[in-house]
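So the chains spell out like this:
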Amino acid sequence: MGALLHIDDSTWILSGIAQSRHYKHRRTRVFVIWIVSMNALWWVGMQSLASIANGITTAESMRHLGVHPSVAHSSSIVVWMYPFPPPSSSNSTFVVKEVESLICPYRMACQGKGSPINMAHLTEGTFFHNFLLDHPYRKLLHFEDFNHHMQAIAMISLLLKGEGVCVRTLGGMEEFCNALQFSDYNPYHEANDTIDLFTTTFPYKLLQDDRAVSSTDLNLSPDMNTDQFATYGPPPITSVNSWRYNSGEDIQSMAAVGWYPFVSSVRSKDKPFENYTGNFILNCLNSGGDLFPSLDDPQETMNLMKKTELVSIFTGKGAITNNLESFRLYTEEVQPFGCRSTLTCQWLKEQKIKSYYSACLTLTSTYDGGLLSLDGTNPSHNALPILEPKSNFSTDVSHVREEKDLILMVDVVDTSVVPKSVRDRARHLSADIPKVYPRDATPYSEKIRYCYRLLSQYKNYAKVVITSRIHVGLPASALGVPVIFVSKAGWLPGGHERTGRVSGLLEVFHRVDKQRGWDWTFGDLSGDMSPNPGSHYADRFRASFWNRLKKNDYYNDAAHVFGRIPLKRQGADLYSQDIQSKFHFIFDPSDFTCWQTRRAIESVFYFHPNAKVFVHVSSYELDLGAFSIFMESGYDLEARKFEYGEKETSSNNMVKVCGILQSFGGVFLSKQTYLRGELSDTLDSGYVLKKDGSVAMMVAARGDVILESALSSNDVSFRASQPNAKEWDVSTLTADETNNCMGDVNWVLPSSDVVAVTVDAHSLQEHKILMDSECYGLLEKNCIYCDELHWEY
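Conventions and cut-offs
Residues numbered from 1 in each chain as written. Predicted model: local features only at pLDDT ≥ 70, side-chain atom pairs only at ≥ 80, totals over all residues. Heavy atoms only, no water. Helix = DSSP H or I, 4+ residues; strand = E, 2+ residues; numbered from the N terminus. Buried < 20%, exposed > 50% of the residue type's maximum accessible area, 1.4 Å probe, protein only. Contact = heavy atoms within 4.5 Å. Expected span 1.5 Å × (residues − 1). Salt bridge = Lys/Arg side-chain N within 4 Å of Asp/Glu carboxyl O. Pairing = 2+ DSSP bridges. Axes fitted to C-alpha atoms, helices over the stretch in contact; angles between N-to-C directions. Parallel < 35°, antiparallel > 145°, perpendicular 65-115°, else oblique. Disulfide = S-S within 2.5 Å. Core = buried A, V, L, I, M, F, W, Y, C linked by side-chain atoms within 4.5 Å. pLDDT = per-residue confidence, 0-100. Phe/Tyr/Trp six-rings, centres within 6.5 Å; stacked < 30°, edge-to-face > 60°.

Caption draft 1: Local environment of the overall build of the chain. Of regular secondary structure, the chain possesses 25 helices and 30 strands. The buried share of the chain, taken over its 793 residues, is 60%. Considering only intrachain contacts with a sequence separation of at least 6, the fraction spanning at least 24 residues in the chain is 73%.

Caption draft 2: Up close: helix H17 (residues 535-549). In this model, H17 (15 residues) spans 21 Å end to end at C-alpha, consistent with the 21 Å of a helix rising 1.5 Å per residue. Taking burial as the measure, the 15 residues of H17 include 13 buried ones, the bulk of the element.

Caption draft 3: Seen up close, the pattern of salt bridges. The full count for this structure, using the stated rule, is 31 salt bridges. When the shortest N-O distance is used, the salt bridge between Lys-390 and Asp-396 registers 2.8 Å. A relative accessible area of 24% places Lys-390 in the partly exposed class. Among the ionic pairs, Asp-636 bridges to Lys-612, the shortest N-O distance being 3.1 Å. In this pair, Asp-636 is assigned in strand S21 (residues 636-641) and Lys-612 in strand S20 (residues 612-617), connecting sequence segments 24 residues apart. Overall, Asp-636 belongs to the partly exposed group, its relative accessible area being 36%. Residues joined in a network through salt bridges with shared partners are Lys-551, Arg-598, Arg-599, Glu-602, Glu-780 and Glu-788.

Caption draft 4: Expanded view of the sheet that holds strand S15 (residues 483-486). The 5 strands lie next to each other as S13-S12-S14-S15-S18, forming an open sheet whose pairing is parallel. Bordering the open sheet on either side are strand S13 (427-429) and strand S18 (510-512), each of which pairs with just one other strand. Strand-to-strand twist across the sheet, computed as the mean angle between neighbouring axes with direction ignored, equals 20°. With 3 bridges connecting them, strand S14 (residues 462-467) and S15 associate as parallel partners.

Caption draft 5: Local environment of the sheet that holds S20. Taken in spatial order, the 7 strands of this open sheet run S21-S20-S19-S22-S25-S24-S26, and their pairing is mixed. Each edge of the open sheet is held by one strand with a lone partner, namely S21 and strand S26 (717-720). Ignoring strand direction, the axes of neighbouring strands in this sheet form an average angle of 15°. Two strands pair when backbone bridges link them, and strand S22 (residues 666-669) and strand S25 (residues 695-700) are joined in this way by 4 bridges, in the antiparallel orientation. Directly across from Phe-668, in S25, lies its bridge partner Met-698.

Caption draft 6: Spotlight on unusual backbone geometry. The peptide bond linking Ile-565 to Pro-566 adopts the cis configuration, its omega dihedral lying at 5°. In this fold, Pro-566 is placed in the loop between helix H18 (553-561) and strand S19 (582-586). With phi around 55°, Gln-111 is a residue other than glycine that occupies positive phi space. Turning to its location among the elements, Gln-111 is positioned in the loop between strand S4 (100-103) and helix H4 (119-122). Look at Lys-404: it is not a glycine, yet its phi comes out positive at around 40°. Mapped onto the elements, Lys-404 comes out in the loop between helix H13 (393-403) and strand S12 (406-410). For Lys-404, a relative accessible area of 24% corresponds to the partly exposed category.

Caption draft 7: Main features of helix H8 (residues 248-257). Within H8, 9 of the 10 residues are buried, which leaves it mostly tucked inside the rest of the structure. The complete set of buried residues in H8 reads Gly-248, Asp-250, Ile-251, Gln-252, Ser-253, Met-254, Ala-255, Ala-256 and Val-257. Lining the buried residues of H8 we find helix H6 (135-142), strand S6 (229-233), strand S8 (279-282), helix H15 (444-460) and helix H16 (470-478).

Caption draft 8: Focus on the packing of H6 against helix H7 (residues 145-161). Two elements in contact, H6 and H7, have axes whose closest approach is 7 Å; the angle formed by their N-to-C orientations is 125°. Classified by the angle their axes make, H6 and H7 are oblique. Packed against H6, whose contacting residues are His-135, Arg-138, Lys-139 and His-142, the element H7 presents Asp-145, Phe-146 and His-149 at the interface.

Caption draft 9: Examining the pairing of S22 more closely. Note: S19 against S22, 2 bridges, orientation parallel. Note that in S22 the partner of Phe-583 across the bridge is Val-667.

Caption draft 10: Examining the state of the cysteines more closely. A full pass over the atoms with the stated rule returns 4 disulfides. The residue that forms a disulfide with Cys-166 is Cys-177, at a sulfur-sulfur distance of 1.9 Å. Across the S-S bond of Cys-166 and Cys-177 the torsion is about 115°, and the bridge reads as right-handed. Here the residue Cys-166 occupies a position in strand S5 (residues 166-169), and Cys-177 occupies one in the loop between S5 and S6, the gap between them amounting to 11 residues. The partly exposed category is assigned to Cys-177, whose relative accessible area is 45%. Ordering the disulfide-forming cysteines of the chain by sequence position, one finds them joined as 1-2, 3-4, 5-6, 7-8.

Caption draft 11: How the structure looks around the nonpolar core. The biggest cluster of nonpolar side chains holds 203 residues, and the ones touching the most others in it are Met-119, Tyr-458, Val-465, Ile-601 and Met-697. By residue number, the principal contributor to this core is H7, which donates 10 residues. Not counting the four nearest positions on each side in its chain, Met-119 is found in contact with Met-81, Leu-132, Met-150, Ile-153, Ala-154 and Val-561. Among the nonpolar cores identified, the runner-up in size contains 18 residues, and Phe-614, Phe-668, Leu-689 and Val-695 belong to it.

Caption draft 12: Looking closely at the side chain of Ser-341. If you trace the backbone, Ser-341 turns up in the loop between strand S10 (337-339) and helix H12 (342-350). When neighbours within four sequence positions are excluded, Ser-341 is seen to be in contact with Ile-313, Phe-314, Tyr-357, Gly-500 and Ser-503.

Caption draft 13: Region of interest: the pairing of S8. Burial of S8 is two-sided: the residues Asn-279 and Ile-281 facing one way and the residues Phe-280 and Leu-282 facing the other way are all buried. Bridging between S6 and S8 involves 2 bridges; their strand directions are parallel. Paired with Ala-230 across the strands is Phe-280, a residue of S8. When S8 meets strand S9 (residues 308-310), the two strands line up parallel, connected through 3 bridges. Paired with Leu-282 across the bridge in S9 is Leu-310.

Caption draft 14: Expanded view of the confidence of the model for the chain. Here the chain averages 86 in pLDDT, and 87% of its residues register 70 or above. Within the model, pLDDT remains below 50 along residues 1-59, and this stretch shows 156 contacts once partners closer than five positions in the same chain are excluded.

Caption draft 15: Local environment of the environment of Asp-528. You can see Asp-528 is positioned in the loop between S18 and H17. In this structure Asp-528 comes out as exposed when scored by relative accessible area, which is 83%. Considering only alpha carbons, one finds Asp-528 and Lys-463, 65 residues apart in sequence, at a separation of 8.0 Å.

Caption draft 16: View of the packing of aromatic side chains. Inspection of every chain in the model, using the stated rule, returns 42 aromatic pairs. With a centroid separation of 5.9 Å and an interplanar angle of 70°, the aromatic rings of Phe-131 and Tyr-188 are classed as edge-to-face. With Phe-131 in helix H5 (residues 129-133) and Tyr-188 in the loop between S5 and S6, the pair connects residues that are 57 residues apart, well separated along the chain. The pair Phe-131 / Tyr-188 is uniform in exposure class, with both members buried. Judged by centre distance (5.4 Å) and plane angle (75°), the rings of Phe-229 and Phe-262 are edge-to-face. Pair noted here: Phe-229 is in strand S6 and Phe-262 is in the loop between H8 and strand S7 (265-268), with a separation of 33 residues, a long-range link.

Shown next as structure tokens:
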């Protein structure tokens, strides 16, 4: 386990695959970091957590902790935290007694039976919480053993948090009702340069029955080769001095690992699919030979493509030329190509390969971070010991974050633009492992620790990060840290911006480039630092990544297990006080499956990310369907039934709209109306009608007198001129105009000075949108879930 396996001169694998269920549990490394036994402290923490539940019912406490309501009332819980089925294929394996409830969060593992669980909530306040929150890091240390830890942690946490609860593993017969017997278990523990189950005092009996052949046999666990999840890494190196190691490579791969249930292996970046047919999230690509190997069976090639997510790729023209046939097949039969660089998108579109700008997957980085011990060594080497979490670890982290006054400078290409007073107070780090690094940097685990130390300092210590590295800035911004990105006439450590590597990404950050006139405006950084200016921009890309990855059941289920959903938007607290904040739509139940109506809502959140959007429907049975993605992405959408005062029985659209705005106020939009920009909060009250006489857009405050006038007016548009209010208009297109908007790249709107455009519904459903047409810009650029393409070349 964890050994570098040499396949041929171009391929290497860091394997995490066990050869049998009878594990030997040995993964060695050269240096062991700060270790201390925490068993006694851990149990004190467990006892105090158990006492919290006293005075409330088990069901109440369980629901609060992320346990599904169907499980919360049960005192006997069957647990299966693996993404694969139990080892026995017989139906008896899945037998759950009438008095028992089954937790099985991976839907393909238990024949569709069982309930989900949010492990981040369940472990909150426990010794295990950091293990769950920093799951990408733990997965890359433990590989397939990570899932065994998940099973044990779930069972013990349920015992801790549920008074009178007993648990058993699915397929096993023995119940466990007392967490005390597992007090020696410590999933963080390492000893004698080893990371394995044995050194953690793993509770093997949770995964054993009387068929176990030894005390360490996990005979109730599944075949971990049922399916595989790989990431990539740089080639192995023999020493830091002989080859530069840039942590950005692994920071990118860790972002992909965050979506996996666990990691099977680390692959060569040059040939990731050599002797591999498992799942793969690719967010980088070398410019070498064919990406997808030529398999004898075309169906095998297609199966491999369907298990591959090309979500965030920067590549050059050479790689596109080398992979032209497979790229085109992938985008036509599987999904569009997600580009990390706008320049990559441009090159792909020149070849008529379907693609969209995705930004970088590191924007989805999520860590609670560790604490580092100031042991007297130079912190600029980024080799400080990582403290092993203990029972009150969350409290310790909170205390550290209360200070959070560290200025980090990481590979700044032009330090002269940073005031000397800031440079002198800053901690200077490098994304490259320095030659003076005091640890053995050759093991893969040590490279991952190097990354984790960087990420932990961003999350828990830094008030600001100053850098010229995108794979420092992007994950730091994802962790909520302000980033000042410094370039020098466009030059960066890895080359010039014009190579396209960073094209589209730098909008997330504060920028400084003295040669371009972008001066330092942040003073001495003694006060609070303003948030990243592109927080809303980054939130849109995170939402799009989730929309794409959730279509894979493994990634969808894992995201919920680790508490990643709903996404926590970095821009959630960044309100603009001078734009509209409340919007309304009227939908039929069938509209919840329609991409055109979803794009209308996307246009609202694109320009008003912190708005409240109400979707009013007449059905008592509300099934949001595809629209649940907005809530999962952290946006504020609410579907609600018409109330009596809103004239829900009227067939007159104007009556319904006026009833809604009478109750709530705000902006009403038809489901075929798409915004073109922000709407000021000082717009004139008024309305514009569609060609069929229904309302395209109406603006009115709650109780506005214009609402009574609108009900009696026969005008197709009306605005009540008010002092200091802004005029506005909507372009309402006919069927022919809509056809031209979609299919004629030379056609332009009759008036460009409009806040929104209303298209003909039938034309939008019946015709294709051509790239670079007016409607392409309206619907396919002002979008959030741009991974779903509705245009043609």
